[in-house]
Amino acid sequence: MKIIIGNQKAYLDAEGMNNFIKETKGDKNVIICPSFPYISTYVEKSNYTVGAQDVSTRDGGATTGEICAKQLASLGVKYCIVGHSERRAFFKESREELIEKITKLSEVGIIPIFCVGENREEKDEDITKDVVGREILQVYDYLEKETIEKIIIAYEPIWAISDGKNPARIPTNVEIADVTAYIKDLVSEKYNASVKVLYGGSVNKKNVDELNTISICDGYLIGGASVKAEEFNYIMERNV
Ligand code: PGA
């Protein structure tokens, strides 16, 4: 069984969210990360385990507009995405912020889903492993071992993530397996921890059966296809 995590980004309005909940069966083994305002509805009305797409670096209190780890935990959130490439690009999230976010989540028992991945130029230069390795070490070197053991890593090549309009090309199974093995070995050698590694980037109903043959890959972080009921039902049926 693969770990299935839906990153619904900011795709759905309230009606779209309600339709998605009605049109998919849901499953406690599947994690949906909706937009913040929809978290309570998912917790109360769906069969999914609920995650968040981001968390504040701050503790709470007098911090207008932020959503803190303790608040997420109090709503029943079990997982949270950290360092998604869209947040790194649009909001210039720094290494220090990522460390802070992961630490805050760990303090309240929420499992971080830490995203890493190379961009198109880095792929062309053939430096994927250098990039991914650096993204991991520059954060993990500042975390407690207990925290490292809980994190799930999502390997998401930036060039394979869909823009919501055009389907993107995705890496071959061999490429995904190779980077996944590299990440697992790195975390095991440097931190003596075993880590679950997901693949993310344009996973959909057309490629999921082929991706399912990569045994070293523990599951998927799914964006666009996680808001399309029919497509997501298919992916769940194949994996849960
Ligand atoms: P995508 O997004 O499946 O729409 O490519 C994946 C992600 O960004 O997590």
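In what follows, the accompanying structure is described.

Thresholds applied
- Residues numbered from 1 in each chain as written.
- Predicted model: local features only at pLDDT ≥ 70, side-chain atom pairs only at ≥ 80, totals over all residues.
- Heavy atoms only, no water.
- Helix = DSSP H or I, 4+ residues; strand = E, 2+ residues; numbered from the N terminus.
- Rg over C-alpha atoms; globule rule 2.2 N^0.38 Å.
- Buried < 20%, exposed > 50% of the residue type's maximum accessible area, 1.4 Å probe, protein only.
- Contact = heavy atoms within 4.5 Å.
- Areas by Shrake-Rupley, 256 points an atom, 1.4 Å probe, with all protein chains shown as cover.
- Lys, Arg positive; Asp, Glu negative; His and termini not counted.
- Charge placed at Lys NZ, Arg CZ, Asp CG, Glu CD.
- Pairing = 2+ DSSP bridges.
- Disulfide = S-S within 2.5 Å.
- Near = heavy atom within 4 Å.
- Polar contact = N/O pair within 3.5 Å; in protein donor to acceptor, adjacent residues only side chain to side chain.

Helix and strand counts for the chain stand at 11 helices and eight strands. Relative to a compact globule of 240 residues, whose C-alpha radius of gyration would be 18 Å, the chain shows 17 Å and is just as compact. Expressed as lengths along the three principal axes of its C-alpha atoms, the size of the chain is roughly 45 × 45 × 30 Å. The buried share of the chain, taken over its 240 residues, is 53%. The contacts in the chain between residues at least 6 apart in sequence include a share of 69% that link residues at least 24 apart. Accessible area for the chain stands at about 11,500 Å²; split by element, carbon and sulfur atoms hold 47% of it. Of note, the chain has its 30 positive side-chain charges centred 3 Å away from the centre of its 38 negative side-chain charges.

As a further point, take the pairing of strand β5 (residues 111–116). In terms of residue burial, β5 counts as a mostly covered element, since five of its six residues are buried. Here four bridges tie strand β4 (residues 79–82) to β5, and the two strands are oriented parallel to one another. Within β5, the position partnered with I81 by the bridge is I113. Bridge analysis of β5 against strand β6 (residues 152–155) gives four bridges, and the strand direction is parallel. From the neighbouring strand, F114 faces β6, where its bridge partner is I153.

In terms of backbone geometry, most residues other than glycine have negative phi values and most peptide bonds are trans. Despite not being glycine, K92 has its phi angle at roughly 50°, a positive value. With respect to the helices and strands, K92 occurs in the loop between α4 (85–91) and α5 (95–107). In this structure, S202 takes a positive phi of about 55° despite not being glycine. Looking at the element boundaries, S202 is found in the loop between β7 (196–200) and α10 (208–211).

Taken as a whole and assessed by the stated rule, the structure comprises zero disulfides. No disulfide involves C217; its sulfur sits 14 Å from the nearest other cysteine sulfur, which is in C115.

Take the site of the ligand next. Lining the immediate environment of the ligand, one finds N7, K9, H84, E156, I161, S162, G201, S202, L221, I222, G223 and G224. Taking E156, its side chain carries an N or O atom lying 2.7 Å from an oxygen atom of the ligand. In the model, an oxygen atom of the ligand is placed 2.7 Å from a nitrogen or oxygen of the S162 main chain. Its free accessible area being 280 Å², the ligand has 99% of it covered by the protein chains.

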